[in-house]
Amino acid sequence: MSIRSYLNPVHCLQAAAVVGVLAAMTTPAQADNWRGWNVHPPGYPNSEALDSFVKDVTEKTDGRVNAKIFHNGVLGDQPDAIEQTRSGALNFANFNMGPMGPIVPETNVLSLPFLFKDIDAMHHVMDGEIGERFAEALERKNLVALSWFDSGSRSVYNTKRPINEPEDMKGLKVRVMNNDLYVEMIDALGGNATPMAYGEVYQSLKTGVLDGAENNFPSFESSGHNEVAKYFSETEHLILPECVCIAKASWEKLSEEDQGIVRQAALDAATLQRKLWAEGSKKSREEVIAAGVEINEVDKPAFQTRMEPIYAAFIEQHPDLEPLLNDVRNAQ
Ligand code: BDP
């Protein structure tokens with residue numbers, strides 16, 4: 001073809017058509033566009049692992065699933081995001097099992113204080129047959145849990161004073177995640193529990209609406225709570241797993257091959273998250289101390305004793321969950 005023929009409008013149209021066909025061959029006709037929810041900021045261990053999940057899913061399905069993750073809770077708070085993922089309005093998310101309790105009662109077992117003796121015990125339980133049982137319970141509520149992230153252990157912190165004994169909690173207004181069990185837990189210690197969305201806690205601590213909250217070191221730091229609450233008391237009362245969960249409707253639309261790819265991407269993301277978590281929580285601990293936070297050692301057995309009645313009340317309310325609770329305890 002001569003140079004003149006390139007300038008011929010008919011040839012230009014033909015060339016454009018060829019480009020269009022080539023583009024259609026490389027972009028799947030019916031790509032599923034997935035939107036994912038994450039409460040944490042970029043750079044947080046979970047966020048990095050979710051970035052890697054999204055990249056794997058999109059690349060390894062050759063774009064048949066085109067996944068995007070929205071960090072920083074911009075798509076809403078956790079209870080809303082759980083509902084949206086259950087309905088399929090959101091396609092995937094990283095959820096903590098705490099706010100899952102009101103929707104999936106079985107997961108409340110995981111919210112009982114001092115359940116796991118340490119993080120390894122939690123991994124051991126969740127990565128095995130018992131973890132499968134929790135995943136089945138989630139699936140009955142339209143959430144497909146593919147892997148489990150760490151969230152360390154949660155401890156109480158506050159703006160007022162060191163806490164070493166349960167008595168030191170008396171009268172403190174402490175924020176908890178959305179779950180009645182946590183209200184019982186703080187009340188058992190003599191504090192006043194206030195369920196509140198994560199994103200509102202910083203301002204509430206600053207203005208004195210709250211005196212304290214409870215969380216792990218990476219969240220304590222990344223949320224800026226450490227700037228306001230200077231007393232961190234190592235109660236370590238909760239070791240909660242988190243899931244990579246897919247909306248059941250989105251999962252069922254996938255071919256078997258793509259389900260395999262997505263599952264593997266979630267497992268790989270969890271391996272990465274746990275590694276980043278171990279490094280990140282040590283670093284956060286050091287950084288908050290360097291920035292002026294006082295770490296208070298607590299009389300753990302005294303806290304455990306105070307919270308013990310929560311177990312009896314739980315079993316009385318949910319006798320059907322006693323076998324699951326016993327299995328979690330015996331598996332450690
Ligand atoms: C963080 C969890 C996150 C929770 C948050 C909270 O990773 O899922 O939303 O605590 O306290 O540790 O609400």
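Before any of the text, the structure's been laid out above.
The following paragraphs examine the structure supplied in this document. Keep in mind that this is a model prediction, so the values were computed, not measured.

1. As for the environment of His40
By the element assignment, His40 lies in the loop between β1 (32-37) and α3 (45-60). The class for His40 is buried, based on 20 C-beta atoms found within 10 Å. Between the C-alpha atom of His40 and that of Arg175, which follows or precedes it by 135 residues, the distance is 18 Å. Setting aside anything within four residues of it in sequence, one finds His40 in contact with Asn46, Ser47, His71 and Ser222.

2. A look at the nonpolar core
Of all hydrophobic cores here, the largest spans 52 residues; its most connected members are Phe53, Val244, Cys245, Ile246, Ala266 and Ala269. No other element matches the seven residues that helix α12 (residues 256-290) contributes to this core. Excluding anything up to four places from it in sequence, Ile246 contacts Asn91, Phe92, Val144, Leu146, Trp251 and Val262. Core analysis: the next-biggest nonpolar cluster, separate from the first, contains 32 residues, Val156, Leu189, Phe217 and Val298 among them.

3. A word on α3
Helix length check: α3 (16 residues) gives 22 Å between terminal C-alpha atoms against 22 Å at 1.5 Å per residue, within 8%. Within the span of α3, buried status applies to Pro45, Asn46, Ser47, Ala49, Leu50, Phe53, Val54 and Val57. Once α3 finishes, Asp62 follows within two positions and takes phi at roughly 55°, a positive value.

Scoring rules and cut-offs
Residues numbered from 1 in each chain as written. Predicted model: local features only at pLDDT ≥ 70, side-chain atom pairs only at ≥ 80, totals over all residues. Helix = DSSP H or I, 4+ residues; strand = E, 2+ residues; numbered from the N terminus. Buried ≥ 20, exposed ≤ 12 C-beta atoms within 10 Å, placed from the backbone. Contact = placed C-beta atoms within 7 Å. Core = buried A, V, L, I, M, F, W, Y, C linked by C-beta atoms within 7 Å. Expected span 1.5 Å × (residues − 1).

Treat this as a map of the structure, not an account of what it does.
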